[in-house]
Amino acid sequence: MTLKPVLQNSLVALVSLACAVAAGELAVRAFFKVQFGDQTEVTKAIFDPQIKSKIYVPDPELGFVPSHGWENGFGRYGFKNGAEFEGRKARKTLAVLGDSLVDHGWLAQALQKSLNTRGDHVYYAGMGGYNTLQEAIYYERFVTLRPDILVLSFCLNDFSPSFFIVSNDENGETYFQQNRFDPIATANPFLFRHSALYRLFKVATIRRSRLYTPEMIAENTAMVRDGLTRLKTRASAQNTKLVAVIYPHFLDYGQNLWMSAAHARALELFRELEITYLDVTEPLTAEGLLKYRKDPEDFVHPNYEGHALAASLLLERFPEIFD
């Protein structure tokens, strides 16, 4: 066979493949509505009001991000606070990063209270609903400060897929959904955003277990590892000391097997990646599961006293980091 027929056949094959892909893309767009997330009672009750309050806005990569002028303009450098430090020189700068455990600022406030006499400045950024990978990408994209110390707040539900904001084209409203799997961890962002055929393929082939099961922890371990690795890499590049705080859920893990699986896997990951960590599970639950709850029905978020205990243990156990 001469070279010319080979090239002709290859060209025909490529054109045929392109036509098939284009036809498949059009067919999926016309006849299939790919559902890769669900609106739940949690998204309706807790997250949707934050869109109306303009706390969060859509983001094509992270699903959602804090709106411009976070916290009425008091935020600086990608954090929720910082305006109070303007005009004051810091001995050291600390950044506290996390999800809703950090959103109210209690861990940062407890650290600031202990470090005030030293002249340290503590910034915090907490996005309710974020997992570790989202926090890492947010830190890369939006945080412009190079802190001396980065404190990562790790929650057991950091192993869960992310939430995201979608738009209902029929009435123009926007609302939150819970991913069945996490596109930012398992899919090509560009193709997932622009190709209905690719989305159908990912939804059809991805392993999707029920949320909040031991299987979810196993399937999303790589996602959490990626987030932790990215944070460690950026911290190292900026000469920032990284330390994590592992928080418990205030429930009996014996009745919630995914929580014990998440706790064990988190410890494995921090040891594997050689990231300094403080596990406050025992201190926060030693006197019962209710003492440090934010409120009696909230088994996820510690109250201020719980965060203050975590802050005091950080300073006590890691003087080489905080001194």
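See the structure printed just above.
Report follows, based on the coordinates. (Residues numbered from 1 in each chain as written. Predicted model: local features only at pLDDT ≥ 70, side-chain atom pairs only at ≥ 80, totals over all residues. Heavy atoms only, no water.)

### Topic: the overall build of the protein chain
Across its full length, the protein chain carries 13 helices and ten strands. Dimensions of the protein chain, computed from the C-alpha atoms along their principal axes, are close to 80 × 45 × 45 Å. For the protein chain, buried positions account for 48% of its 323 residues. Put simply, 74% of the contacts in the protein chain that link residues at least 6 apart link residues at least 24 apart. (Helix = DSSP H or I, 4+ residues; strand = E, 2+ residues; numbered from the N terminus. Buried < 20%, exposed > 50% of the residue type's maximum accessible area, 1.4 Å probe, protein only. Contact = heavy atoms within 4.5 Å.)

### Quick look at the pairing of strand β10 (residues 276–279)
Two elements, strand β9 (residues 241–246) and β10, share four bridges in a ladder whose sense is parallel. Of the residues in β10, the one forming a bridge with V243 is T276. (Pairing = 2+ DSSP bridges.)

### A word on helix α8 (residues 196–205)
Of all the positions in α8, only A196, Y198, R199, K202 and V203 are classed as buried. For α8, the buried positions fall inside an angular range of 160 degrees around the axis, keeping them on one side. Its side-chain oxygen at 3.4 Å from the backbone nitrogen of L197, S195 defines the N-terminal cap of α8. (Arc of directions from axis to C-beta. Polar contact = N/O pair within 3.5 Å; in protein donor to acceptor, adjacent residues only side chain to side chain.)

### Digging into the packing of aromatic side chains
Describing an aromatic ring pair means giving the distance of the ring centres and the angle of the ring planes. By the definition in use, this model includes 15 aromatic pairs. A centroid spacing of 6.3 Å and a plane angle of 65 degrees characterise the contact between Y130 and Y138, whose relative ring orientation is edge-to-face. Assessed through its relative accessible area of 4%, Y138 is described here as buried. Between F270 and Y277, the ring centres sit 5.8 Å apart and the planes meet at 35 degrees, which makes this aromatic pair tilted. Judged by its relative accessible area of 22%, Y277 is partly exposed. Cluster of aromatic residues (ring-pair linked, three or more members): F47, Y56, F64, Y130, Y138, F142, F163 and F176. (Phe/Tyr/Trp six-rings, centres within 6.5 Å; stacked < 30°, edge-to-face > 60°.)

### Focus on the sheet that holds strand β8 (residues 174–179)
Strand pairing in a sheet takes place through backbone hydrogen bonds and is either antiparallel or parallel in direction. Reading across the sheet, the three strands line up as β1-β8-β7 and stay open at both edges, with antiparallel pairing between neighbours. Since the sheet does not close on itself, it has two edges, and those belong to β1 (37–38) and β7 (163–167), each with one partner. Pairing geometry for β1 and β8, over two bridges, is antiparallel. Directly across from D38, in β8, lies its bridge partner Q178. Sheet strands touched by helix α2 (residues 41–52): β7 and β8. Its angle to β8, the strand with the most contacts, is close to 135 degrees. (Axes fitted to C-alpha atoms, helices over the stretch in contact; angles between N-to-C directions.)

### Remarks on the nonpolar core
By size, the foremost hydrophobic cluster in this structure holds 49 residues, and its most contacted members are L97, F159, F176, L228 and F270. Excluding its chain neighbours within four sequence positions, the residues that come into contact with L97 are V102, A125, M127, E135, Y139, L150, V151, L152, S153 and L231. (Core = buried A, V, L, I, M, F, W, Y, C linked by side-chain atoms within 4.5 Å.)

### Describing the environment of L197
Within the secondary structure layout, L197 lies in helix α8. Classification of L197 by relative accessible area gives partly exposed; the value is 28%. Separated by 170 residues in the primary sequence, L197 and A27 place their C-alpha atoms 8.5 Å from one another. Setting aside anything within four residues of it in sequence, one finds L197 in contact with V21, G24, E25 and V28.

### What to know about the pattern of salt bridges
Oppositely charged side chains can form a pair if their charged atoms are brought close together. Going through the model one piece at a time under the given rule, you end up with eleven salt bridges. Between R180 and D38 there is a salt bridge; the shortest N-O distance is 3.0 Å. In this pair, R180 is assigned in the loop between β8 and α6 (183–186) and D38 in strand β1, connecting sequence segments 142 residues apart. Linking R76 and E86 is a salt bridge whose minimum nitrogen-to-oxygen distance equals 2.4 Å. With a gap of ten residues between them, R76 in the loop between β3 (63–66) and β4 (93–98) and E86 in the loop between β3 and β4 connect regions that are remote in the sequence. Owing to a relative accessible area of 25%, R76 belongs among the partly exposed residues under this scheme. (Salt bridge = Lys/Arg side-chain N within 4 Å of Asp/Glu carboxyl O.)

### With respect to the side chain of T132
As for its position among the elements, T132 is in helix α5 (residues 132–142). Sequence-distant contacts of T132, defined by excluding residues within four places in its chain, comprise F154, D158, V224, G227 and L228.

### Concerning the environment of H104
Along the chain, H104 turns up in the loop between α3 (100–103) and α4 (106–115). Its relative accessible area of 18% is what places H104 among the buried residues. Separated by 170 residues in sequence, H104 and E274 have C-alpha atoms that sit 29 Å apart. A polar contact is formed between the side chain of H104 and the backbone oxygen of L101, at a distance of 3.3 Å.

### What to know about the sheet that holds strand β6 (residues 149–154)
With parallel pairing, the five strands of this open sheet are ordered in space as β5-β4-β6-β9-β10. In the strand order of this sheet, the two ends are held by β5 (121–126) and β10, each with one partner. Here the strands of the sheet are splayed against their neighbours by 20 degrees on average, with no regard to which way each runs. Note: β6 against β9, six bridges, orientation parallel. Along β9, the bridge assignment pairs L150 with L242.

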